[in-house]
Each structure stands twice: as structure tokens, then as C-alpha cells.
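# Report on the structure
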Amino acid sequence: MAESINIAFSGFDKAIMEFGHNLHNQAGGFFDGFMRFITVFGDGGIILILLAIGLIAFKKTRKIGLTMLGAIVIGALITNITLKPLVARPRPFYDESSMFYIWWKAAGSVPESGYSFPSGHATASMAAMMAFFLAGNKKYSWTGFILALLIGFSRIYLCVHYPSDVLFGFIAGIIAGSLSFLIVWLAYKYLKDTKLGDILYNKDIITLFNYIKGKIDKNKQVKVANGADIIDTNAVAEKDEINNVDNTNNTEITNYNSDNSVVVTYNIDNSKEQNKTEISGK
């Protein structure tokens, strides 16, 4: 399959990659650092994921953040899990005898591993920005596509992807972003009157933190109260047991001698048979 794609897109790929290499030459490598910086935004989708999580933290932007995060995950499933191992297309610089290898070296030899088709950077960036566009205010959210296009072109400029890799990555990203938007829209619609829906709609990160903290503190107080009841019960039982022992061991016995004197005996310890006798005359 990889060979078929190479043949089908050979002219398209060569023309755009040559444009990128000519831009490098004519600018004297001026854009090399900028392209390496831009491409970092798509590395593993980490920065985009962190951005989505930051948006999720606040209720006003939670829907956008959830849509972006879902889009990145769906895009990874389409590209990294399914298409890359299925197509198994080598990267442009794989063949050291090709012009693409020379262009890759000239652009800075940015190290990359794994298969080339489609571009994971292009997929993640377009998925996130498609989600941002659909879930956000379209008056401003369209600007996210500029970042996605820059990330895609940086992959071509650095010769770590064919233009066709980036093109199909963009297509996968558009599909992922649209699917994620639909899923989140349905979730918001059908969870509106549930406890989970209340969290989605009404709680920002601070309110949610205080809510969870309050639940934990309440559980701790219940446990402490229950523990105190057990301790108090045990203490009463122990006190009763001690009193019973004292009552048993300290017994007053009154006897009358033949001379009408009274003998009062206190049994201090039955086990040791120690007696104290008080004799009083009449």
C-alpha cells in the first residue's frame, strides 16, 4: 500500500517538498529554527492536550476543551493506531540515496521514528483546531486553522513527512474533530438534568475542588464520630467491669463473737486471702 501511495502522489509530494527546500535555500536557513519551534506544538499532541485540559477546568470553556480532547484521542486512534501500521510508509529521509534525504540533512536532520503516513502532527493539530472551531465562537475560532496549517507545513519543510502524509493527516483531523463535536453535543444534551450534567454545566475547577473536598471532609467527620461512639462504649464497659471487680474483692463481712463483740472483716483480695480485722467492744 505504501508503494501505491508513493506512485500516486509522487509529483505532488516532490513539487511541494522542493518548494520547502527552495525556501530554505533562498532564506539562508532563516526559517529552520522557526519550523522546529512550530513543529513542537504537535509533538505527541502534548501541548494541545494540556491546552484542552486547561479549557476543561472552567465551565465557560469546558465544552471546547472536552471537544478538543476527544478530537485528539479520536485522531490518534485513526492515525497512530490504525493507518500508520496498516500503510507502513517509510519517511522521506529513509532512503539515503534520495534527494529527500539531502533536503532533510540541509533542514537540520530533525530525528523522527515510526511510519510516515499519515502525519500524526497534522492529525492532532487539525483535530484540535477543528474542535476549537466547531465548539468555539466562530468569529475568532477560525484562527486556530492557521496554527494547524503551520504545523503541517513545518513537517514538510523539515522533510520528515511527505505532503500527502500531511494532507491525509488533515483529513483525519477534520473527521476526528467533527465526531468529537457530535459526541460532546449529545452528552451535553442528554446529561443536562443529571448529576454529571450539573458538573459539566455549573462547576468550574475551584467549585468542583471545594465540592469534592467537602465530601471527603464530611466522610472523615462521620468516621471520627463513629469511632468516638465505639471508644465511649468500650470505656463504659471497662468501667463497669472494674466496679464489679472492686465490689467482689472489697466485701464487708460482719460476725458476732460469743462475747457480743463485733468482728468486721474486709476481704481485700480473695486470691491472696489477706484479711484486715477490726474489733470493737460493746
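In case you missed it, the structure is sitting above this.
Residues numbered from 1 in each chain as written. Predicted model: local features only at pLDDT ≥ 70, side-chain atom pairs only at ≥ 80, totals over all residues. Heavy atoms only, no water.

### Some points on the nonpolar core
- Membership of the largest hydrophobic core comes to 35 residues, with the highest contact counts inside it found for M17, M68 and L158.
- Considering each element in turn, this core owes the most residues, eight residues, to helix 7 (residues 120-135).
- Ignoring sequence-local partners within four residues, the contact set of L158 consists of M35, R36, T39, W104, A107 and V110. (Core = buried A, V, L, I, M, F, W, Y, C linked by side-chain atoms within 4.5 Å. Buried < 20%, exposed > 50% of the residue type's maximum accessible area, 1.4 Å probe, protein only. Helix = DSSP H or I, 4+ residues; strand = E, 2+ residues; numbered from the N terminus. Contact = heavy atoms within 4.5 Å.)

### Considerations on the layout of surface pockets
- Considering only enclosed or pocket space, the largest pocket measures out at about 230 Å³ in volume.
- Surrounding the largest pocket, 18 residues form its lining, G42, G44, N80, G120 and H121 being those nearest its centre.
- Elements with a minimum of two residues in the lining of the largest pocket: helix 5 (62-87) and helix 7.
- Per element, the largest residue contribution to the lining of the largest pocket is five residues, and it comes from helix 5.
- Split into classes, the residues belonging to the lining of the largest pocket amount to four nonpolar, 10 polar and four charged. (1 Å grid on protein atoms, 1.4 Å probe; cavity = no way out; pocket = protein on both sides within 12 Å on 5 of 7 lines; lining within 4 Å. Points joined across faces, edges and corners; volume = space filled by probe spheres on them. Nonpolar A, V, L, I, M, F, W, Y, C, P; charged D, E, K, R; others polar.)

### Brief notes about helix 5
- Here helix 5 contains 26 residues, and its C-alpha end-to-end distance of 36 Å stays within 8% of the 38 Å for a straight helix at 1.5 Å per residue.
- Along helix 5, the sharpest change in direction is near 30° and occurs at A76.
- If you check which residues of helix 5 are buried, you get R62, I64, G65, T67, M68, A71, I72, I74, G75, T79, K84 and V87.
- Immediately downstream of helix 5, the backbone of A88 shows phi near 55°, a positive value. (Expected span 1.5 Å × (residues − 1). Bend = angle between axes of the 7 residues up to and from the residue.)

### Structural notes on unusual backbone geometry
- Cis geometry marks the peptide bond from F117 to P118, where omega comes out at -15°.
- Position of P118 relative to the elements: it lies in the loop between helix 6 (99-106) and helix 7.
- In this model, A88 sits at a positive phi of 55°, which is unusual for a non-glycine residue.
- Within the fold, A88 resides in the loop between helix 5 and helix 6.

### Focus: a nonpolar patch on the surface
- A grouping of F12, L167, I171, I175, L179 and I183 is seen on the molecular surface, where their side chains present a nonpolar patch of about 500 Å² in accessible area.
- Here the element with the most residues in the nonpolar patch is helix 10 (residues 163-190); it accounts for five residues.
- Structurally, L167 can be placed in helix 10. (Patch = residues over 30% accessible without salt bridge, like charges linked within 9 Å, V, L, I, M, F, W, Y side chains within 5 Å. Areas by Shrake-Rupley, 256 points an atom, 1.4 Å probe, with all protein chains shown as cover. Salt bridge = Lys/Arg side-chain N within 4 Å of Asp/Glu carboxyl O.)

### Some remarks on the packing of helix 7 against helix 9 (residues 144-157)
- The contact between helix 7 and helix 9 brings their axes to 8 Å, and the two run at 175°. Here helix 9 runs roughly antiparallel to helix 7, going by the angle between their axes. Between helix 7 and helix 9, the residues in contact are H121, S125, M126, M129, M130 and F133 and G144, F145, A148, I151 and R155, respectively.
- The residue makeup of the contact of helix 7 with helix 9, split by class, is seven nonpolar, three polar and one charged. (Axes fitted to C-alpha atoms, helices over the stretch in contact; angles between N-to-C directions. Parallel < 35°, antiparallel > 145°, perpendicular 65-115°, else oblique.)

### What to know about helix 2 (residues 10-26)
- The end-to-end C-alpha separation of helix 2 is 24 Å, in line with the 24 Å expected for 17 residues at 1.5 Å each.
- Buried within helix 2 we find D13, M17, G20, H21 and H24. The buried residues of helix 2 occupy an angular sector of 95° when the element is viewed end-on, so they sit on one face. Of the exposed residues in helix 2, those oriented more than 90 degrees away from the buried face are F19 and Q26.
- Check the buried side of helix 2 and you find it contacts helix 3 (32-40), helix 6, helix 9 and helix 10.
- Once helix 2 finishes, G28 follows within two positions and takes phi at roughly 65°, a positive value. (Arc of directions from axis to C-beta.)

### Brief notes about the pattern of salt bridges
- With the rule as written, the count across this model stands at three salt bridges.
- Residue R89 pairs with D13 through a salt bridge whose shortest N-O separation is 3.0 Å. Placement of the pair is R89 in the loop between helix 5 and helix 6 and D13 in helix 2, with a sequence separation of 76 residues.
- By relative accessible area, which is 2% here, D13 ends up buried.
- Here E112 and R155 are joined by a salt bridge, their closest N and O atoms 2.9 Å apart. Of this pair, E112 sits in the loop between helix 6 and helix 7 while R155 is found in helix 9, placing the two residues 43 residues apart along the sequence.

Don't take any of this as a statement about function, it's just geometry.
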